[in-house]
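# Report on the structure
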Amino acid sequence: MKDAKLLGLRLVWLWWLLWPTNVCSDHFKTDSPLQPFPVLKNDNLLRAARGEVVDRVPVWVMRQAGRYLPEFQELRKQHDFFTVCRTPELACEVTMQPLRRFDLDASIIFSDILVIPQALGLTVEMHAGVGPVLPQPIKVPDDLKRLTPDGALSRLSYVGDAITMMRHKLDGRVPLIGFSGAPWTLMGYMIEGGGSKTMSKTKAWLKDYPEDSKLFLNLLTDAIVDYLEMQVKAGAQMLQVFESSAEHLSKEDFLEWSVPYLRRIRDELVDRLNKKVIPVVPITLFAKGAGHSLKEQSELGYDVIGLDWTVDPIEARNLVGPNITLQGNLDPQDMYRNPDELRNLTTEMVHKFGKSRYIANLGHGITPQTPLASMEVLVEAVHKAL
């Protein structure tokens with residue numbers, strides 16, 4: 001009886017190894033190391049990221065699942081911001097909201113870049129009218145001992161759960177993007193205690209505690225690589241790294257205090273995925289305010305470079321070359337223009353970038369009072385431009 005059971009288990013194992021992954025290709029394909037997901041029906045985003053031919057320019061918007069949507073505001077009346085982030089069902093609901101209204105070519109999992117500082121042991125609160133607040137920031141190097149990198153990834157498992165759930169809820173409609181804040185940006189929030197217009201305390205760290213700053217940035221880089229790997233395993237089909245505070249660094253400081261850690265993120269993540277025979281997904285780098293270093297960014301190995309609205313598309317293409325996809329870069333304030341003006345600006349933008357290796361987006365996140373009609377105009381204008 002024991003031998004028969006063992007033989008049965010071996011047969012099941014052999015069947016699993018040999019069973020073709022496309023048997024149910026009408027509904028599923030295995031593109032995750034963990035489980036099958038529905039077949040992707042609109043892959044223009046991923047094709048654009050890889051430099052392949054698209055049938056239309058793909059478009060999505062940073063913060064597209066957010067405060068400009070009345071349904072999001074209604075949900076937030078019932079739930080704290082980070083409760084939404086930590087509850088996969090709620091995170092998926094919010095992720096889906098813009099897709100019900102607009103013909104977007106991507107979804108991005110609803111979360112926040114500050115979940116990493118939370119996982120490292122800092123309290124992060126979302127205050128109405130203020131934004132994120134860290135009531136006990138990192139003030140001096142000795143405060144780094146308060147951080148708890150061991151076990152941080154397990155404390156972020158809810159993001160992976162939401163990604164896996166969302167892949168099924170999407171039913172292959174569009175790709176799902178995962179993301180993380182970059183080390184310099186996260187370090188800034190953790191030292192400043194929230195958003196800052198000057199980053200003066202964080203910049204003082206670079207001068208006063210250079211070696212401790214490197215330790216801090218490397219600690220964050222380690223956590224980010226773990227986090228992004230987990231997102232890919234959970235089903236993220238593309239990733240974006242947000243260096244949202246790059247504008248506070250000169251070119252010299254950006255190359256010293258941001259670029260090495262951005263390089264580490266990309267290289268170590270790709271190396272890990274390759275060693276584990278997990279398909280490498282396209283990765284976008286968005287360094288707001290770092291238009292001075294586009295050439296250097298293009299040499300870091302990222303598939304896509306995001307541009308803010310201050311960068312000229314033609315100049316950007318000349319700097320990064322033909323083999324990297326560009327993303328951006330309409331000024332979010334242009335979304336308040338009348339429909340004809342917005343349509344013309346969007347069409348002009350797409351013409352400057354061209355149809356090859358381009359993903360349309362805003363040059364930063366959509367703002368809370370943006371008219372819903374402007375999103376409709378933007379998406380339609382992008383799709384009809386070329």
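Just so it is clear, the structure is predicted and the values come from calculations on it, not from any experiment.

About the cut-offs
Residues numbered from 1 in each chain as written. Predicted model: local features only at pLDDT ≥ 70, side-chain atom pairs only at ≥ 80, totals over all residues. Heavy atoms only, no water. Pairing = 2+ DSSP bridges. Helix = DSSP H or I, 4+ residues; strand = E, 2+ residues; numbered from the N terminus. Contact = heavy atoms within 4.5 Å. Expected span 1.5 Å × (residues − 1). Buried < 20%, exposed > 50% of the residue type's maximum accessible area, 1.4 Å probe, protein only. 1 Å grid on protein atoms, 1.4 Å probe; cavity = no way out; pocket = protein on both sides within 12 Å on 5 of 7 lines; lining within 4 Å. Points joined across faces, edges and corners; volume = space filled by probe spheres on them. Nonpolar A, V, L, I, M, F, W, Y, C, P; charged D, E, K, R; others polar. Phe/Tyr/Trp six-rings, centres within 6.5 Å; stacked < 30°, edge-to-face > 60°.

### Structural notes on the sheet that holds strand 9 (residues 304-306)
Read from one edge of the open sheet, seven strands run 3-6-7-8-9-10-11, paired in parallel fashion. Two strands bound the open sheet, and with one partner strand each, they are strand 3 (107-108) and strand 11 (358-362). Bridge count for strand 6 (residues 176-181) against strand 7 (residues 238-243) is five bridges, and the pairing is parallel. Looking across to strand 7, one finds that I177 is bridged to M238.

### Considerations on the environment of G178
Position of G178 relative to the elements: it lies in strand 6. Along the sequence, G178 and H127 sit 51 residues apart, while their C-alpha atoms lie 25 Å from each other. Residues contacting G178, with those up to four places away along its chain left out, are I109, Q231, A236, M238, L239 and Q240.

### Examining helix 16 (residues 372-385)
For helix 16, spanning 14 residues, the distance from its first C-alpha to its last is 20 Å, which sits close to the expected 20 Å at 1.5 Å a residue. If you check which residues of helix 16 are buried, you get S374, M375, V377, L378, V379, A381, V382, H383 and A385. The inward-facing, buried residues of helix 16 abut strand 10 (325-330), helix 15 (339-353) and strand 11.

### Thoughts on the pairing of strand 7
Strand 7 sits mainly inside the fold: six of its six residues count as buried. In strand 7, alternate side chains face the same way, and those of M238, Q240 and F242 on one face and L239, V241 and E243 on the other are all buried. Two elements, strand 7 and strand 8 (residues 283-287), share five bridges in a ladder whose sense is parallel. Looking at the pairing, F242 lines up with F286 of strand 8.

### A short note on helix 5 (residues 88-101)
The buried count for helix 5 comes to 10 of 14 residues, which makes it a mostly enclosed element. Taken residue by residue, helix 5 has P88, L90, A91, C92, V94, T95, M96, Q97, P98 and L99 as its buried positions. In this fold, the buried residues of helix 5 make contact with helix 3 (70-78), helix 4 (81-86), strand 3, helix 7 (157-170) and strand 6.

### Observations regarding empty space enclosed by the protein
Following the criterion strictly, the structure yields two cavities of 30 Å³ or more and no others. The computed volume of the largest cavity comes to approximately 40 Å³. Along the walls of the largest cavity sit P38, L40, R167, L170, G172, V174 and Q237, which together make up its complete lining. Among the residues forming the lining of the largest cavity, the class breakdown is four nonpolar, two polar and one charged. A volume near 30 Å³ is recorded for the second largest cavity.

### Points about the packing of aromatic side chains
For the structure on display, the rule yields eight aromatic pairs. Where W205 meets Y209, the ring centres are 5.2 Å apart and the plane angle is 75°; that geometry is what we call edge-to-face. Of the residues examined, W205 reaches a relative accessible area of 2% and is grouped as buried. With a centroid separation of 6.3 Å and an interplanar angle of 85°, the aromatic rings of F242 and F286 are classed as edge-to-face. Here F286 lies in strand 8 and F242 lies in strand 7, a separation of 44 residues in the sequence. Judged by relative accessible area, F286 falls into the buried class, the value being 0%. Three or more aromatic residues joined by ring pairs form one cluster here, namely F72, F81, F82 and F110.

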